[in-house]
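# Examination of the molecular architecture
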Amino acid sequence: ALREWRQGDATSRPFELDVDGVRLYGHLDRLYARGALRTRLDTLHGPAQIAHGLDWLVLSALGDARPLAQLALWDDGPGVRERPALSVVQARAALRDLIALYREGMREPLPIQARSAWRWYAAPRNDEAAELAAWKLAREQWAGSNNTWGDANNAAVQLALRGRDPFAGEFDDPDGLRFRELATPLFVAVV
């Protein structure tokens, strides 16, 4: 799939971008004529979607019309899927929202982690039963099991949240509501 998609050599682009007085700077790598290639040789999870999405937003905010190309394992097998570039205005608005979320996280620990938040966001939620099923998937990722790692097993998460657990109570528990309120705008911005 990669050989079919890739044409020519990859380039790198340094950037410096001002978003309402916040200066973002760095390098975007793996830029091809057809797009910004990002890979995960498995299904996409929350951290990958955030990393890929941030590069996509920055590239779009710079006025570069190349799409984000994600090489990953999809439901129908491995392949490259492209996400079209956003307008500069849309990309800057999404970055602005993420900076606001970052600032909020600097003021207080937020009851959210990328993997479980992605499980919540990516699951169908078109009715109450589907919403509860999505919540169950997110809870399973948060808690982990004997055979899988969970977001709550991270010592830094335990220390930062100081016992708060968005999945400890009922579906409408305040920390659970806050988890969902944070997960949705985070992934709306990067996806």
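Residues numbered from 1 in each chain as written. Predicted model: local features only at pLDDT ≥ 70, side-chain atom pairs only at ≥ 80, totals over all residues. Heavy atoms only, no water.

A word on the packing of aromatic side chains. Under the criterion given, the structure shown has 10 aromatic pairs. Here Trp-142 and Phe-167 contribute two aromatic rings whose centre-to-centre distance is 5.6 Å and whose plane-to-plane angle is 45°, an arrangement assigned as tilted. Of this pair, Trp-142 sits in helix α5 (residues 128-143) while Phe-167 sits in the loop between α6 (155-161) and α7 (174-190), placing them 25 residues apart in sequence. In this structure an aromatic cluster arises from ring pairing among Trp-120, Trp-135, Trp-142, Phe-167, Phe-171 and Phe-179. One cation-aromatic arrangement involves Arg-180 over Trp-135; the distance from NZ or CZ to the ring centre is 4.6 Å. (Phe/Tyr/Trp six-rings, centres within 6.5 Å; stacked < 30°, edge-to-face > 60°. Helix = DSSP H or I, 4+ residues; strand = E, 2+ residues; numbered from the N terminus. Lys NZ or Arg CZ within 6 Å of the ring centre and 35° of its normal.)

By size, the foremost hydrophobic cluster in this structure holds 40 residues, and its most contacted members are Leu-57, Ile-112, Trp-120 and Phe-179. Among the elements of the structure, β1 (11-19), β2 (22-32), α2 (46-61), α3 (88-107), α4 (114-122), α5, α6 and α7 are those that each provide at least two residues to this core. The element best represented in this core is α7, accounting for seven residues. Residue contacts for Leu-57: discarding those within four places in its chain leaves Leu-86, Ala-91, Ala-94, Leu-95, Leu-98, Ala-189 and Val-190. Membership of the second largest hydrophobic core comes to five residues, among which are Trp-5, Tyr-32, Leu-37 and Leu-71. (Core = buried A, V, L, I, M, F, W, Y, C linked by side-chain atoms within 4.5 Å. Buried < 20%, exposed > 50% of the residue type's maximum accessible area, 1.4 Å probe, protein only. Contact = heavy atoms within 4.5 Å.)

Between α3 and α7, whose axes approach to 9 Å, the crossing angle comes to 145°. The handedness of the crossing between α3 and α7 is left-handed. Facing α3, whose interface residues are Ala-94, Leu-98, Leu-101 and Glu-104, α7 presents Arg-178, Leu-182, Leu-186, Ala-189 and Val-190. (Axes fitted to C-alpha atoms, helices over the stretch in contact; angles between N-to-C directions. Left-handed = near helix turned anticlockwise from the far one by under 90°.)

With that settled, the discussion passes to the sheet that holds strand β4 (residues 68-74). Note: strands within a sheet are paired through backbone hydrogen bonds, in either parallel or antiparallel orientation. Ordered by their spatial adjacency, five strands build an open sheet running β1-β2-β3-β4-β5, and the pairing between neighbours is mixed. Looking at the sheet topology across the chains shown, the edges are occupied by β1 and β5 (77-83). Strand-to-strand twist across the sheet, computed as the mean angle between neighbouring axes with direction ignored, equals 40°. Pairing analysis gives seven bridges linking β4 to β5, with the strands arranged antiparallel. (Pairing = 2+ DSSP bridges.)

A separate point is unusual backbone geometry. Most peptide bonds take the trans configuration, and most residues that are not glycine carry a negative phi. We note that Asp-20 has phi near 50°; this positive angle belongs to a residue other than glycine. Along the polypeptide, Asp-20 turns up in the loop between β1 and β2. With a relative accessible area of 54%, Asp-20 lands in the exposed category. One non-glycine residue, Arg-162, adopts positive backbone phi at about 50°. Here Arg-162 shows up in the loop between α6 and α7.

Moving on, we come to the packing of α2 against α3. Direction vectors running N to C along α2 and α3 enclose 135°, while the axes themselves pass 8 Å from each other. Between α2 and α3, the angle is such that the two are oblique. Here the hand of the crossing between α2 and α3 comes out left-handed. The residues of α3 that touch α2, namely those facing Leu-54, Leu-57, Val-58, Ser-60 and Ala-61, are Val-88, Ala-91, Arg-92, Ala-94, Leu-95 and Leu-98. The residue inventory of the contact of α2 with α3, partitioned by class, reads nine nonpolar, one polar and one charged. (Parallel < 35°, antiparallel > 145°, perpendicular 65-115°, else oblique. Nonpolar A, V, L, I, M, F, W, Y, C, P; charged D, E, K, R; others polar.)

This part is about the environment of Glu-131. Within the element layout of this structure, Glu-131 appears in helix α5. You can call Glu-131 partly exposed: its relative accessible area is 27%. Taking the C-alpha atoms as reference points, Glu-131 and Tyr-121, 10 residues apart in sequence, are found 10.0 Å from one another.

This next bit is on α2. With 16 residues, α2 ought to run about 22 Å at 1.5 Å a step, and its terminal C-alpha atoms sit 22 Å apart, in line with that. What α2 keeps buried is the set Gly-46, Ala-48, Gln-49, His-52, Gly-53, Trp-56, Leu-57, Val-58, Leu-59, Ser-60 and Ala-61. Count one or two residues on from α2 and you reach Gly-63, which has phi positive near 85°. (Expected span 1.5 Å × (residues − 1).)

Note that every value here comes from positions in space, so none of it alone points to a role or purpose.
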